[in-house]
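# A look at the structure
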Amino acid sequence: LEQRMEAKESARADELWHDLRDRGVSGPLFEAYRAMILARTQGREAGVAVLDPLVAAHPGYVPLLHLKGVLLLETRDFTGAVPVLREAAHLSGNRTDITFCLACALAGSGQAEEAMILLNTLAAREPGRLLHMLQLEASALDDLRLRPEYSDLIDRLRAPPPAP
C-alpha cells in the first residue's frame with residue numbers, strides 16, 4: 001500500500017486499501033492511509049476529514065502526526081504542516097524523515113533560516129540519506145534553492161568523503 005502511494009498510484013492504492021480492509025486489516029494507521037488516498041483522489045478536505053478524527057483519538061501517535069504533516073505538505077498547507085510536524089519530530093526524537101518534512105514545511109512557510117538549521121543538522125547526522133531525500137523531494141525546497149547556504153549544503157553533501 002505504501003509503495004503504491006509513494007509511486008503516486010492513487011487509484012491502485014485505493015483498490016488495494018479496500019482489498020486489505022475486506023481481508024480484515026484495520027487500525028488507525030491503516031485508516032490514515034485511506035485519508036492520504038482520499039486527499040490525492042478527492043482533494044485535501046476529504047483526506048483531512050478522515051485524518052483529523054484519527055489524530056484526535058490517538059494524541060501523540062507519531063505515525064499519524066507524520067502522515068497528517070505529509071498530507072498538509074502535499075497540499076501546500078505549509079503553515080498548517082509546521083506545528084504538526086514539529087510535534088511529530090519532537091515525539092520521535094527528531095527522526096530524520098520527519099525532521100526533513102519539517103524543514104520542507106518551514107521552507108514553504110517562509111522560515112528559511114530554521115529550515116536550513118534543520119537541514120544542516122541532518123547533513124551532519126546522515127549526509128547520504130539527506131542527499132537522497134533532497135534528490136527525491138527537490139521541489140519541496142524550492143524556496144531555499146536561491147540561498148547560498150543551500151548551495152553550500154548541496155556541495156558539501158556531494159563532495160567525496162575526506163581521506164582517512
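We now turn to the structure provided with this report. This one's a predicted model, so the numbers in the text were calculated from it and none came from an experiment. (Residues numbered from 1 in each chain as written. Predicted model: local features only at pLDDT ≥ 70, side-chain atom pairs only at ≥ 80, totals over all residues. Heavy atoms only, no water.)

## Things to note about the overall build of the protein chain
Selection rule: A helix here means a DSSP run of H or I that spans at least four residues, while a strand means a run of E at least two residues long, and both kinds are numbered starting from the N terminus. We compute the radius of gyration from the C-alpha atoms alone; for a globule the expected value is 2.2 Å times N to the 0.38, where N is the number of residues. A 1.4 Å probe rolled over the protein chains alone gives each residue an accessible area, and that area as a share of the maximum for its type sets the label: buried under 20%, exposed over 50%, partly exposed in between. In what follows, residue pairs with any heavy atoms lying within 4.5 Å of each other are defined as contacts. Under the counting rule used here, the positive set is Lys and Arg, the negative set is Asp and Glu, and His together with the chain ends is not counted. To locate a charge, the coordinates of NZ of Lys, CZ of Arg, CG of Asp or CD of Glu are taken.
Along the protein chain, the regular secondary structure elements total 10 helices and zero strands. Going from N to C terminus, the protein chain has its helices and strands arranged as α-α-α-α-α-α-α-α-α-α. Relative to its length of 164 residues, the protein chain is compact, with a C-alpha radius of gyration of 17 Å against a globular reference of 15 Å. Along the first, second and third principal axes, the C-alpha set of the protein chain runs to 55 × 30 × 25 Å. Across the 164 residues that make up the protein chain, the buried fraction comes to 40%. Considering only residue pairs separated by 6 or more positions, the protein chain has 53% of its internal contacts joining residues 24 or more positions apart. Charge separation in the protein chain, taken as the distance between the mean sites of 18 positive and 23 negative side-chain charges, equals 2 Å.

## What to know about the packing of helix H3 (residues 28-42) against helix H4 (residues 44-57)
In a packed pair of helices, the relevant descriptors are the angle between the two axes and the axis-to-axis distance. Spelled out, the test is: For helices, the fitted line uses only the C-alpha atoms of the stretch in contact; every axis is such a line through C-alpha atoms, and the angle between N-to-C directions lies from 0 to 180 degrees. Angles are sorted into four bins: roughly parallel if under 35 degrees, roughly antiparallel if over 145, roughly perpendicular if 65 to 115, and oblique for all others. Crossing handedness: left-handed means the near helix sits turned counterclockwise from the far one by under a right angle, and right-handed means the same turn made clockwise. When residues are grouped by polarity, Ala, Val, Leu, Ile, Met, Phe, Trp, Tyr, Cys and Pro land in nonpolar, Asp, Glu, Lys and Arg in charged, and all others, Gly among them, in polar.
The contact between H3 and H4 brings their axes to 6 Å, and the two run at 165 degrees. As the angle between them shows, H3 and H4 are arranged roughly antiparallel. Considering how the two elements wind past one another, H3 and H4 form a crossing that is left-handed. Residues Pro28, Glu31, Ala32, Ala35, Leu38, Ala39 and Gln42 of H3 touch H4, and the partners they reach there are Arg44, Ala46, Gly47, Val50, Leu51 and Leu54. When grouped by side-chain class, the residues that make up the contact of H3 with H4 number nine nonpolar, two polar and two charged.

## A look at the nonpolar core
Applicable threshold: Here, nonpolar core refers to any group of buried Ala, Val, Leu, Ile, Met, Phe, Trp, Tyr and Cys residues whose side-chain atoms link them within 4.5 Å.
In this structure, Phe100, Leu119, Leu130, Leu141 and Leu144 are the most contacted members of the largest nonpolar core, which totals 54 residues. Among the elements that make up this core, the one with the highest residue count is helix H7 (residues 96-108) (nine residues).

## Description of unusual backbone geometry
Peptide bonds are, in most cases, trans, and in most cases residues other than glycine have a negative phi. A positive phi angle is found at arginine 76, which is not glycine, with a value near 65 degrees. With respect to the helices and strands, arginine 76 occurs in the loop between helix H5 (62-74) and helix H6 (78-91). The residue asparagine 94 is not glycine, and still its phi comes out positive at about 60 degrees. With respect to the helices, strands and loops of the structure, asparagine 94 is situated in the loop between H6 and H7.

## Details of helix H2 (residues 10-22)
Three- or four-residue spacings in an α-helix give side chains the same orientation, since the helix completes a turn every 3.6 residues. In plain terms, the rule: In a helix, the anticipated span is given by 1.5 Å times the number of residues less one. Each C-beta atom gives one direction from the helix axis, and the arc is the one those directions make.
Relative to the 18 Å expected for 13 residues at 1.5 Å per residue, H2 spans 18 Å between its end C-alpha atoms, a close match to the ideal helical length. Along H2, the residues that are buried comprise Ser10, Ala13 and Trp17. On an axial view of H2, the arc spanned by its buried residues comes to 55 degrees, and they lie on one face. Away from its buried face by more than 90 degrees, H2 exposes Ala11, Glu15 and Asp22.

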